[in-house]
Amino acid sequence: RQDRRRVRVYYMAVPPFLYSRICRSLAQGGLRSETGRDRFVLEKPFGKCAQSCASLCRELASLLREDEAYRIDHYLGKELVMNVLVLRFGNAIFEAVWSRRFVERVEICCLEEVDCKGRGGY
């Protein structure tokens, strides 16, 4: 019997062309949660340009709900996330309201004009 509160997190630090294959294999292997509480952390840049990113996002949308997918790029987003943490923990005024009781989600979008410049074929 599955614990209905349990959230499964699948962390994928793989090339983007494998995301769909992995998601399909998890579903076919019966590893997707019946409660719909799976989360997929997709780490790496999403495509090489806006068009390839949009194509990858469409493909993932056919496999995952939007609330299941977390797209991160540890290389480009690290400094921004660190600044948010400093702002949150360095200011006592935010302590009471910046908690899981009052914040549903945090979205950080950072549109860059910089490409990946040969970062491991990702």
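Here's what I pulled together on the structure shown here. Everything numeric in this text was worked out from a predicted model, so none of it was measured.

Quick notes on the rules
Residues numbered from 1 in each chain as written. Predicted model: local features only at pLDDT ≥ 70, side-chain atom pairs only at ≥ 80, totals over all residues. Heavy atoms only, no water. Helix = DSSP H or I, 4+ residues; strand = E, 2+ residues; numbered from the N terminus. Buried < 20%, exposed > 50% of the residue type's maximum accessible area, 1.4 Å probe, protein only. Contact = heavy atoms within 4.5 Å. Areas by Shrake-Rupley, 256 points an atom, 1.4 Å probe, with all protein chains shown as cover. Disulfide = S-S within 2.5 Å. Core = buried A, V, L, I, M, F, W, Y, C linked by side-chain atoms within 4.5 Å. Pairing = 2+ DSSP bridges. Axes fitted to C-alpha atoms, helices over the stretch in contact; angles between N-to-C directions.

Moving on, we get to the overall build of the protein chain. Summing up its helical and strand segments, the protein chain has four helices and three strands in all. The helix and strand sequence of the protein chain, counted from the amino end, reads β-α-β-α-β-α-α. Among the 122 residues that make up the protein chain, the fraction classed as buried is 21%. In the protein chain, once contacts between residues fewer than 6 apart in sequence are set aside, the share between residues at least 24 apart is 73%. For the protein chain, the exposed area adds up to about 9,500 Å²; of that, 55% sits on carbon and sulfur atoms.

Before going further, it helps to examine the state of the cysteines. A complete count under the given rule lists zero disulfides for this structure. Of the cysteine sulfurs around Cys-57, a residue in no disulfide, the closest is that of Cys-53, at 4.2 Å. By relative accessible area, Cys-57 is classed as partly exposed at 26%.

Nonpolar side chains in soluble globular proteins tend to be buried together. By size, the foremost hydrophobic cluster in this structure holds twelve residues: Tyr-10, Met-12, Tyr-19, Cys-23, Leu-26, Phe-40, Leu-42, Phe-46, Leu-56, Leu-60, Leu-64 and Ala-69. For this core, the secondary structure elements donating two or more residues are β1 (8-12), α1 (19-28), β2 (38-43) and α2 (50-61). Ranked by residues supplied to this core, first place goes to α1 with three residues. Apart from residues lying up to four places away in sequence, Leu-64 is in contact with Cys-23, Arg-32, Phe-40 and Ala-69.

Looking now at the sheet that holds β2. Strand pairing in a sheet relies on backbone hydrogen bonds. The paired strands run either parallel or antiparallel. Taken in spatial order, the three strands of this open sheet run β1-β2-β3, and their pairing is parallel. Looking at which strands have only one partner, the edges of the open sheet turn out to be β1 and β3 (69-72). Taking each pair of neighbouring strands and ignoring which way they run, the sheet shows an average axis angle of 15°. Pairing between β1 and β2: five bridges, direction parallel. When the bridges of β2 are listed, Met-12 appears paired with Leu-42.

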